[in-house]
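Spelled out, the chains give:
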Amino acid sequence: LLWWALRRGLSPLVRLSRDVAALDGLGGQRLDTAHRFHEFSSTVRAINTLVDSLQTQARREREFASDVAHELRTPLAALSLQASAAQHDPTPERLTQLEATALRAGHILSQLLELARAQRDGTGRVAWRDVALGDVAAGLIASHAQEGFESRHELSLEQPEEPVVLHVQPMLLELALRNLIENALRHTPAGTQVVVAVWQTEAEAGVSVSDDGQRAGVPLLAQTHGSSGLGLGLRLVERIAEQLGATLQRDTGEAPMTTRFTLRWSRPVP
C-alpha cells in the first residue's frame, strides 16, 4: 500500500519531468501554464522564465552572428576583387586599396578575438573588481595620443576630483571604452574634439565619449550597418554593456558636441 501511494503521488512529477525533457527551449516551445498538476504551477512558471531567458539570449546571438557576417562579407568580397585586379594591373593605388581592405577585415577579426578573450577571462565573478573609471579612461587616452596627433584630433579627459569607482570586469570595460574612442577617431574629420567624460551622481555613474565631428545628422541605422565598420564596434559595446550591467546610450551631447555615446550604470538604492 505504501509503494502504491508513493508511486501515485510521484506520477505527476514523473510526467512533468517527461514534459521538460521533451521541451525544445531554443525552438520557441514553453510548458503549458494551465498545467493539470496545480502542485507544480510555480515550478512550471520558473521553467518558462528560464526558457524565455534562453530564447532571448539565443536571439541575440543570432543577431550578433548576422551582424558579424554582414561586416565581414563586404571587406572579404572587396578583398577578392581587388586582389584579382591587382594581379592583372598592380598599380600603387590598387595595392593601397588592397592593404586598406585587408586591414579592415583584420581589425574586425581582432575585435572579435578580444571580445572572446575578455568573455573567457571574465566568466566568473572572481575576475570582477573595483575599478576607477578615470584611470581606465586616462590610460586609453594616453595610448591613443599618437593616433590622435597623426589624425589631428584633440583628445581630452574630464572627471571629478573624487574617483568614480565601479565593480566591473576591467578587460571588458577597457574593450568597450576603447571601441568608442577609436570610433570617434576614425569616423570624424581632422580637427574634431573628442572628449571622454567620467561622471557620477547619487543614482548613476558612467563614462561618455563625445565629439563635434557633425555625426548627429547620420541615422543610427546607417551607422550600424554602414560600410565604415562602425556598426560592429557599437554591437560589441552593446554586448559588453549588457555583461557589465550597464546601458549604452547615444545622443547629441552638450554643445558644441554633436555626438555622444554613454555607458551608464545605475547605483543601488541604499
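Residues numbered from 1 in each chain as written. Predicted model: local features only at pLDDT ≥ 70, side-chain atom pairs only at ≥ 80, totals over all residues. Heavy atoms only, no water.

**Examining unusual backbone geometry**
The cut-off we apply is this: Only DSSP runs of H or I reaching four residues or more are called helices, and only runs of E reaching two or more are called strands; each is numbered from the N terminus.
For the bond running from Ala255 to Pro256, omega is 10 degrees, close enough to zero to count as cis. Notably, Arg152 is not glycine yet its phi reads approximately 60 degrees, a positive angle. Considering the arrangement of structural elements, one finds Arg152 in the loop between helix 5 (145–150) and strand 2 (154–158).

**Let's talk about the layout of surface pockets**
The cut-off we apply is this: Grid points spaced at 1 Å over the protein atoms alone were grouped into cavities, where a 1.4 Å probe fits but cannot get out, and pockets, open sets with protein on both sides within 12 Å along at least five of seven lines, with lining residues defined by an atom within 4 Å of a point. Grid points are joined across faces, edges and corners, and a volume is the space filled by probe spheres set on the points. Residues are grouped as follows: Ala, Val, Leu, Ile, Met, Phe, Trp, Tyr, Cys and Pro are nonpolar; Asp, Glu, Lys and Arg are charged; every other residue, Gly included, is polar.
Of the voids in this model, the largest pocket is the one considered here, and its volume is about 240 Å³. Taken together, 14 residues form the lining of the largest pocket, with Ala197, Ser208, Ser210, Glu254 and Arg260 sitting closest to its centre. Elements represented by at least two residues in the lining of the largest pocket include exactly strand 4 (193–200), strand 5 (204–211) and strand 7 (259–266). Grouping the constituent residues of the lining of the largest pocket by class yields 6 nonpolar, 3 polar and 5 charged.

**Thoughts on helix 4 (residues 133–143)**
Since the α-helix packs 3.6 residues into each turn, any two residues three or four apart lie on the same face. Our working definition: For every residue, the accessible area obtained with a 1.4 Å probe (protein chains only) is divided by the maximum for its type, and the residue is called buried under 20%, exposed over 50%, and partly exposed between those limits. The arc in question is traced by the directions running from the helix axis to the C-beta atoms.
Of all the residues in helix 4, the buried ones are Leu133, Gly134, Val136, Ala137, Leu140 and Ile141. Seen along its axis, helix 4 keeps its buried residues to an arc of 160 degrees; they face one direction. Helix 4 presents Asp135 and Ala142 as exposed residues on the side facing more than 90 degrees away from its buried surface.

**Quick notes on the nonpolar core**
Where we set the bar: Here the nonpolar core consists of buried residues drawn from Ala, Val, Leu, Ile, Met, Phe, Trp, Tyr and Cys, with membership extended through side-chain atoms lying within 4.5 Å. The contact criterion used is simple: two residues touch if any of their non-hydrogen atoms lie within 4.5 Å.
Counting residues in hydrophobic clusters, the biggest one holds 34 residues, and the most contacted among them are Leu173, Leu177, Val209, Leu244, Leu263 and Trp265. Residue assignment for this core shows that the elements contributing at least two residues are helix 4, strand 3 (165–168), helix 6 (170–186), strand 4, strand 5, helix 8 (230–244) and strand 7. Take this core: its biggest share by element is 9 residues, from helix 6. Leave out the neighbours within four places in its chain, and Leu173 touches Val131, Leu133, Val136, Val168, Leu244 and Trp265. One finds Leu16, Phe40, Ile47 and Val51 within the second-largest nonpolar core, a separate group that totals 7 residues.

**Describing the sheet that holds strand 5**
Which entries qualify depends on this criterion: Strands were regarded as paired on the criterion that DSSP finds at least two bridges between them. Note on geometry: axes are lines fitted to C-alpha atoms, helical ones only across the stretch in contact, with angles between N-to-C directions running from 0 to 180 degrees.
If you walk across this open sheet you meet the 5 strands as 2-4-5-7-6, and the pairing is mixed. Edge positions in the sheet fall to strand 2 and strand 6 (247–251), since each has one partner strand and no second. Averaged over all pairs of adjacent strands, the angle between their axes in this sheet comes to 15 degrees, without regard to strand direction. In this sheet, strand 5 lies alongside strand 4 in antiparallel orientation, the contact comprising 7 bridges. Its bridge partner lying in strand 5, Val194 is registered against Asp211. Contacts from helix 4 reach strand 2, strand 4, strand 5 and strand 7, with the element oriented near 170 degrees to strand 2. Helix-sheet contacts for helix 6 involve strand 2, strand 4, strand 5 and strand 7, and the interaxial angle to strand 5 is about 25 degrees.

**Description of the environment of Val20**
Inspection of the secondary structure assignment puts Val20 in helix 1 (residues 2–21). Those residues in contact with Val20 that sit more than four places away from it in its chain are Leu31 and Ile47.

**Let's talk about the packing of helix 4 against helix 6**
We count it as follows: Angles are sorted into four bins: roughly parallel if under 35 degrees, roughly antiparallel if over 145, roughly perpendicular if 65 to 115, and oblique for all others. Here a crossing is called left-handed whenever its near helix is offset anticlockwise from the far helix by less than a right angle, and right-handed whenever the offset is clockwise.
At a minimum axis separation of 10 Å, helix 4 and helix 6 run at an interaxial angle of 50 degrees. With respect to helix 6, the axis of helix 4 lies oblique. Here the hand of the crossing between helix 4 and helix 6 comes out right-handed. Packed against helix 4, whose contacting residues are Leu133, Val136, Ala137 and Leu140, the element helix 6 presents Leu173, Glu174, Leu177, Arg178 and Ile181 at the interface. Residues of the contact of helix 4 with helix 6, tallied by class, amount to 7 nonpolar, no polar and 2 charged.

**A word on helix 6**
To keep things clear, this is the line we draw: Expected span, for any helix, means 1.5 Å times one less than how many residues it has.
Taking 1.5 Å as the rise per residue, helix 6 with 17 residues should run 24 Å; its terminal C-alpha atoms sit 24 Å apart, in good agreement. Most of helix 6 sits inside the fold, with 14 of its 17 residues counted as buried.

**Here's the deal with the pattern of salt bridges**
We apply this condition: One side-chain nitrogen of Lys or Arg within 4 Å of one carboxyl oxygen of Asp or Glu is enough to make a salt bridge.
Counted under the stated rule, the structure contains 6 salt bridges. Arg186 is the salt-bridge partner of Glu147, the closest N and O atoms lying 3.9 Å from each other. Here the residue Glu147 occupies a position in helix 5, and Arg186 occupies one in helix 6, the gap between them amounting to 39 residues. Measuring nitrogen to oxygen at the nearest pair gives 3.6 Å for the salt bridge that ties Arg178 to Glu174. In this pair, Arg178 and Glu174 are both assigned in helix 6, 4 residues apart and thus about one turn of the helix distant. Owing to a relative accessible area of 16%, Arg178 belongs among the buried residues under this scheme. One network of salt bridges, with partners in common, ties together Glu174, Arg178 and Glu182.

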